[in-house]
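Chain by chain, the residues:
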Amino acid sequence: MLRLILLGLFLIPASVSIAQSTSTIKKNADRAFSYENWALALDLYEQYQQAKPGDPTVLGHIGICHYQLHHGDKAKEFLQYVTTKMSDKADADAYYFYARTLHGQMAFAEAIEVYKQFLRKADSRHPLRARVRDAIVRCLNAQTMEVNESVALVENLGKAINSEGDEFAPLPSRNHPNRIYYAAARPGCKGGKRNAEGLEDEEKGKWCSDMFFAERKTAGWEDGGGLSPLINSPRYEVAADFGVNGNVLYFFRGFSLFSGDLLADTAQTKDEYALYPPAFDGPMETDQGDRDLFFFNDSTILFASRREGGYGGQDLYFSKLSGGLWTQPQNLGPTINSAYDEFSPFLAKDGRTLYFSSNRTESMGGSDVFYAVFNDEKAGWEAPKSMGAPINSPGNEAHFRLSGEGRQAYFSSDRLDSYGQRDIYIAYFKTPVEAALHASKPVFFDAVAPPEVVQQDLALPALYYTNDQDVLSPENLQALLVVARAAVQFPESKVFVHAHTASSGQSKFDLYYGIKRAELVANKLKEMGIAPERILLKSAGAGFPASRTVIGATPYPAGEQLNNRIELSLSGETNTRMQRRAVPEAAEAKGAAQFDSWMQGLCFKVEMVAASQIVTTDALALYSDLLIDSKGNDALYHYSTGFLKNFGKAQQLQQAVLKSGFPEARIVAFVDGIKISKAEAVSQLKKYPELASFIQN
């Protein structure tokens, strides 16, 4: 009976010749699936399922095809069946896409559980593991995300505009108040289907994008068709922006959406275009992936870029026209940019309210729309905030643009209920957005005079915790913001993250737990925009307590809390200092002060081993001053012992360590807590003559 139900559930009429063998159908289905031709793959898999029902891989692929085609309920039906009824045979991808489906349907708690099932099922090297961990965090965020009360309605522009293809990058017209321009990659586009090499390819290719326009009529939105054949070519075209008076259209043209040229063309009210539009002579390097041009005015642009010197992923930059030349692009800084991608910038008329998309973990799903306000009094950006639901969804929102009167905004999204890959949406606001109505003085944020800076000591508070879960407590996150801002103020400094723990009785575990907690802090600092190579991590385990846990013969439980700490500081000549909680005089331990003194000046240590995982050898117990060093951009843990000012004593310790079972033991040198090479030691010889022996050894 169960088999009959299974057969009935998945029976679908065939649409190809019965003579075609099932093996050929399966082979062609797999081929279409690998080329992401989801509709064809789905049709073929359904035919195979009719002939040979019950293959868990085929059922999983049918579910994935439905997900990719935005058939949410169908995707859930198949993927839930495979992962629950055939869990022993289902592959990890079925769990991933089942979780993505639940996430897209806003079943966040269920999605988290299935994401966790994926992590248990997937191989440790599975490329989606890191993405899934971020997705779990986003689900947790989504459960607490508030509805944006300023938004009256978000609406899909409808089938007249959106299709089963890809519609994106809406651009409100400056000359036509009820018109938008947009890009679409769908059947009928001039470039046809092209592969990664830019060649026509019906099997592997994707539709090239053309530029279209749409107009709002009394009865709704109507498609106006593609732009002139003179401007839509066999390549990819995407409208980027208009000049301030609306007479110049800037658009992208390339053999892919990621590399090409930025062109400028006259766009009069009759949409008459030149045969050979000139290139935009600006600072963007579109052939290197610079994208998302936005003209704030005719002499100021913003865009997204992956160029070197950023904070990770795509960052937002601006450039100004001065003396007929565009200035070197300037990064908008770590308050706006993160270790994730920031793109699709839009600066409102007030020159102070920036809208952009980002896939940082504070989003609801993929990339969300955020906004940030420039504070003139502080001459800096306030922390970005999410635009909230219903503008944001578990999908990817991008290309947010306010209309001129601020009553609505346009954006693209691939949310699960869209018609195709991405659709164009419109958000209606209950009242006009104030930032769209008036210009500020000065008109652009970079002209705001910075406030007079009064130099004073900045205290960097230590982070206190009881377990792994509260290392990043709200209180500690606020403290980390202080550290991140100080690190921005002193960009040449290194950021020390020193972890200490209460004693568990086994130093090898205390050390390892400490470095893993330091990594939690380092990852959060990266998200706040601190470059990984600037972050230096150390775990001293329980070796350097700040407080006793027994006073006389009486236990002192508060001592454990004082010892469970992560201390942060900056290197170099800065006006920052580390701040610990006060310890009662009767409970004071010498460990913390001793650790501070050893972190100053020259210090030799013996590095016992460099490992990618915990070292558990009992020989570690022979040493009382153990340390693990790591870097924010390094996956190795460097175990060491000794804090010695004399190189000869370091050699003696090295011999002892070699005999205790560490054949790779070597002497390393630190200056003010930073490990230095022999080449770097040469420049320090005058200050620390003892380095001569280290260099020569």
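Described in the following lines is the structure provided in the data block. Since the structure is predicted, the reported quantities are computational estimates derived from the model, not experimental observations.

1. A short note on the packing of aromatic side chains
No. 1: Per the counting criterion, the structure on display carries 38 aromatic pairs.
No. 2: On the basis of an interplanar angle of 45° and a centroid distance of 5.6 Å, the ring pair of phenylalanine 296 and phenylalanine 444 is categorised as tilted. Placement of the pair is phenylalanine 296 in strand β11 (residues 291-297) and phenylalanine 444 in the loop between β23 (423-429) and β24 (458-461), with a sequence separation of 148 residues. Considered together, phenylalanine 296 and phenylalanine 444 belong to a single accessibility category, that of buried residues.
No. 3: Put simply, the rings of Phe296, Phe318, Phe374, Trp381, Phe444 and Phe445 touch in pairs and so form one group of aromatic residues.
No. 4: Residue placement shows lysine 605 over the ring face of phenylalanine 643; its charged tip is 3.7 Å from the ring centre.

2. Thoughts on the packing of helix α6 (residues 92-104) against helix α7 (residues 108-121)
No. 1: At their nearest, the axes of α6 and α7 sit 8 Å apart, and the two run at 165° to each other. Compared by their axis directions, α6 and α7 come out roughly antiparallel. Classified by chirality, the crossing of α7 by α6 is left-handed. Side by side, α6 and α7 meet where Ala92, Tyr95, Tyr96, Tyr98, Ala99, Arg100, Leu102 and His103 of the first sit next to Phe108, Glu110, Ala111, Val114, Tyr115, Gln117, Phe118 and Lys121 of the second.
No. 2: Partitioning the contact of α6 with α7 into residue classes produces eleven nonpolar, two polar and three charged.

3. Concerning the sheet that holds strand β22 (residues 408-413)
No. 1: Ordered in space as β1-β23-β22-β21, the four strands form an open sheet in which the pairing is antiparallel. The open sheet has two edge strands, β1 (151-156) and β21 (397-402), and neither has a second partner. Strand-to-strand twist across the sheet, computed as the mean angle between neighbouring axes with direction ignored, equals 20°.
No. 2: Bridge count for β22 against β23 is six bridges, and the pairing is antiparallel. Each bridged residue has a counterpart across the sheet, and for tyrosine 410 the counterpart in β23 is isoleucine 426.

4. A closer look at the sheet that holds strand β27 (residues 535-541)
No. 1: With mixed pairing, the nine strands of this open sheet are ordered in space as β25-β30-β26-β27-β33-β34-β32-β35-β36. At either margin of the open sheet sits one strand with a lone partner, and together these are β25 (463-464) and β36 (674-676).
No. 2: Across six bridges, strand β32 (residues 602-611) lies against strand β34 (residues 637-644) in antiparallel orientation. Note that in β34 the partner of glutamate 607 across the bridge is serine 640.
No. 3: Of the strands in this sheet, β32, β34 and β35 (666-671) are in contact with helix α13 (residues 647-659), which crosses β32 at around 20°.

5. Regarding the side chain of arginine 179
No. 1: Relative to the elements of secondary structure, arginine 179 occurs in strand β3 (residues 179-185).
No. 2: Within the structure, the side chain of arginine 179 is placed 3.0 Å from the side chain of glutamate 215, a separation counted as a polar contact.

6. As for the pattern of salt bridges
No. 1: Summed over the entire model, instances satisfying the criterion amount to 30 salt bridges.
No. 2: In this structure, aspartate 223 and arginine 186 form a salt bridge, with 3.5 Å as the shortest nitrogen-oxygen distance. One end of the pair, aspartate 223, is in strand β7 (residues 220-226); the other, arginine 186, is in the loop between β3 and β4 (193-194), with 37 residues separating them in the sequence.
No. 3: Take arginine 186: its relative accessible area is 10%, and that puts it in the buried class.
No. 4: Residue arginine 415 pairs with glutamate 397 through a salt bridge whose shortest N-O separation is 3.1 Å. Here arginine 415 is found in the loop between β22 and β23, whereas its partner glutamate 397 is found in strand β21, with 18 residues between them in sequence.
No. 5: Taking the relative accessible area as the measure of exposure, glutamate 397 reaches 0% and is therefore buried.
No. 6: One network of salt bridges, in which partners are shared, links Arg565, Glu567, Arg580 and Asp596.

Procedures and definitions
Residues numbered from 1 in each chain as written. Predicted model: local features only at pLDDT ≥ 70, side-chain atom pairs only at ≥ 80, totals over all residues. Heavy atoms only, no water. Phe/Tyr/Trp six-rings, centres within 6.5 Å; stacked < 30°, edge-to-face > 60°. Helix = DSSP H or I, 4+ residues; strand = E, 2+ residues; numbered from the N terminus. Buried < 20%, exposed > 50% of the residue type's maximum accessible area, 1.4 Å probe, protein only. Lys NZ or Arg CZ within 6 Å of the ring centre and 35° of its normal. Axes fitted to C-alpha atoms, helices over the stretch in contact; angles between N-to-C directions. Parallel < 35°, antiparallel > 145°, perpendicular 65-115°, else oblique. Left-handed = near helix turned anticlockwise from the far one by under 90°. Contact = heavy atoms within 4.5 Å. Nonpolar A, V, L, I, M, F, W, Y, C, P; charged D, E, K, R; others polar. Pairing = 2+ DSSP bridges. Polar contact = N/O pair within 3.5 Å; in protein donor to acceptor, adjacent residues only side chain to side chain. Salt bridge = Lys/Arg side-chain N within 4 Å of Asp/Glu carboxyl O.

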